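So the chains spell out like this:
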Amino acid sequence: MDLAGLRVVKAVADTGSVSRAAEALNCVQSNVTARVKRLEEDLGVDLFLRLSRGMEPTPAGRVLAGYADRVLRLVAQARDAVAEAAGRGGRLAVGSMESTAAVRLPPILARFHRDHPDVELTIAPGPTETLLAEVLAGRLDGAFVGGAVEHPDLIARRIFDEELVLAEPAAGLTTDSARRTLIVFGRACAYRGRAEMAMREAGRVPFRVMEFGALDAILGCVGAGMGVTVMPRSVVERDPWRELLAARPLPDALARMPTQFVRRADSIETGSLRAFLAAVSDGAPVNDAIGGATGSPTSRAGLNGLSAAC
């Protein structure tokens, strides 16, 4: 059993087939098959069920894949820690909701890059549910997500609260169809659940949903009079949308949405991550700073199925 074998086990477990695992590992299928067979002989158990539609981990295979995930993450963290200690900077992969990345992160990232130019920082945009899965899988060191989050393997740090508003075209809605059309991200977005509740509470039922994968596409379609959306006020009132959109207040129960930074509870807080979190704390909005949030900065997060869904 070595790191190469663990990478193969994890890849096959994650992808469900030898061919997809080989593609992910950039090697030939025969190498993947040979590695799995060698490990099975070494451990004396079958790690995968060979099915017509692919490979499925046995109970023993799921156990080994879990250990492989943890070992490989620790190895990656060790490499980054050694690089930091040697003065070569480090690597940091952070996920973010697109709205947060567009409005809140630029000054934070500018400050962090100025103070830590040697750190290789990657920002991965995505909806909340996807980002939570990426953090849990160890592919992201942490992520900015929306809503309450509860999971035993995650730690959450509440950064600020967004005020959600109903965004409509500044020129007004000219048709009942547009009034009953909700333009949003996919179901993995935290704001979408609030948007659907807002439509119901406003009596705009039945309503239809149009899904887009980009923030500017959603706001552009709303500005063109195609429908409405729910977004943070900080997004709606920035240029160029402040001239095209009107922000209507939502009921208090729907309007307040916390943005939290989540990471794995068992992850090592590297120097790069500590520096990034310090930059985030310094850059949090004054009126919504961490100090005004409930709970400690390192409290266990909580996964609320309704609100943890961008």
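Residues numbered from 1 in each chain as written. Predicted model: local features only at pLDDT ≥ 70, side-chain atom pairs only at ≥ 80, totals over all residues. Heavy atoms only, no water.

A surface patch of nonpolar side chains, about 260 Å² in accessible area, is lined by Met1, Leu43 and Val45. A residue is classified by how much of its surface remains accessible, and Leu43, at 37% relative accessible area, is partly exposed. (Patch = residues over 30% accessible without salt bridge, like charges linked within 9 Å, V, L, I, M, F, W, Y side chains within 5 Å. Areas by Shrake-Rupley, 256 points an atom, 1.4 Å probe, with all protein chains shown as cover. Salt bridge = Lys/Arg side-chain N within 4 Å of Asp/Glu carboxyl O. Buried < 20%, exposed > 50% of the residue type's maximum accessible area, 1.4 Å probe, protein only.)

Over the atoms, a rolled probe matching the size of one water molecule traces out where space is still vacant. Volume-wise, the largest pocket comes out at about 800 Å³. What lines the largest pocket is a set of 30 residues, among which Leu72, Arg73, Ala76, Gly138 and Arg139 lie closest to the centre. Secondary structure elements with two or more residues in the lining of the largest pocket: helix 1 (3-15), helix 2 (18-25), helix 4 (59-85), strand 3 (91-96) and strand 4 (120-125). It is helix 4 that provides the largest number of residues to the lining of the largest pocket, a total of seven residues. Residue classes in the lining of the largest pocket are distributed as 13 nonpolar, six polar and 11 charged. (1 Å grid on protein atoms, 1.4 Å probe; cavity = no way out; pocket = protein on both sides within 12 Å on 5 of 7 lines; lining within 4 Å. Points joined across faces, edges and corners; volume = space filled by probe spheres on them. Helix = DSSP H or I, 4+ residues; strand = E, 2+ residues; numbered from the N terminus. Nonpolar A, V, L, I, M, F, W, Y, C, P; charged D, E, K, R; others polar.)

What follows concerns helix 1. An α-helical segment advances 3.6 residues per turn. Residues three or four places apart therefore align on the same side. With 13 residues, helix 1 extends 18 Å from end C-alpha to end C-alpha; this agrees with the ideal 18 Å at 1.5 Å per step. Listing the buried residues of helix 1 in full gives Gly5, Leu6, Val8, Val9, Lys10, Ala11 and Val12. Elements that come into contact with the buried residues of helix 1 comprise helix 2, helix 3 (29-43), strand 1 (48-51), strand 2 (54-57) and helix 4. After helix 1 finishes, the residue Gly16 shows a positive phi value of roughly 80°. (Expected span 1.5 Å × (residues − 1). Contact = heavy atoms within 4.5 Å.)

Right, let's talk about the nonpolar core for a bit. Grouped together as the largest cluster of nonpolar side chains are 32 residues, with contacts concentrated most on Tyr191, Leu219, Val230, Met231 and Leu250. Among the secondary structure elements, those contributing two or more residues to this core are strand 6 (149-169), strand 7 (181-184), helix 9 (190-201), helix 10 (215-223), strand 9 (229-232), helix 11 (233-236) and helix 12 (252-255). Apart from the residues within four sequence positions on either side, Leu219 is in contact with Thr229, Met231, Val235, Trp241 and Leu245. By size, the runner-up hydrophobic cluster in this structure holds 17 residues, among which are Leu6, Val9, Ala22 and Ala65. (Core = buried A, V, L, I, M, F, W, Y, C linked by side-chain atoms within 4.5 Å.)

Residue position: Pro249 is located in strand 10 (residues 245-249). Through-space distance from the C-alpha of Pro249 to that of Arg233 is 9.1 Å; in sequence the pair is 16 residues apart.

Turning our eyes to something else, we now look at the packing of helix 1 against helix 4. Here helix 1 crosses helix 4 at 125°, and the two axes come no closer than 9 Å. The angle between helix 1 and helix 4 places the two elements in the oblique class. Here helix 1 and helix 4 pass one another in a crossing that is left-handed. On helix 4, the residues that touch Leu3, Leu6, Arg7, Val9, Lys10 and Ala13 of helix 1 are Leu64, Ala65, Ala68, Asp69, Val71, Leu72 and Val75. Of the residues belonging to the contact of helix 1 with helix 4, the class tally is 10 nonpolar, no polar and three charged. (Axes fitted to C-alpha atoms, helices over the stretch in contact; angles between N-to-C directions. Parallel < 35°, antiparallel > 145°, perpendicular 65-115°, else oblique. Left-handed = near helix turned anticlockwise from the far one by under 90°.)

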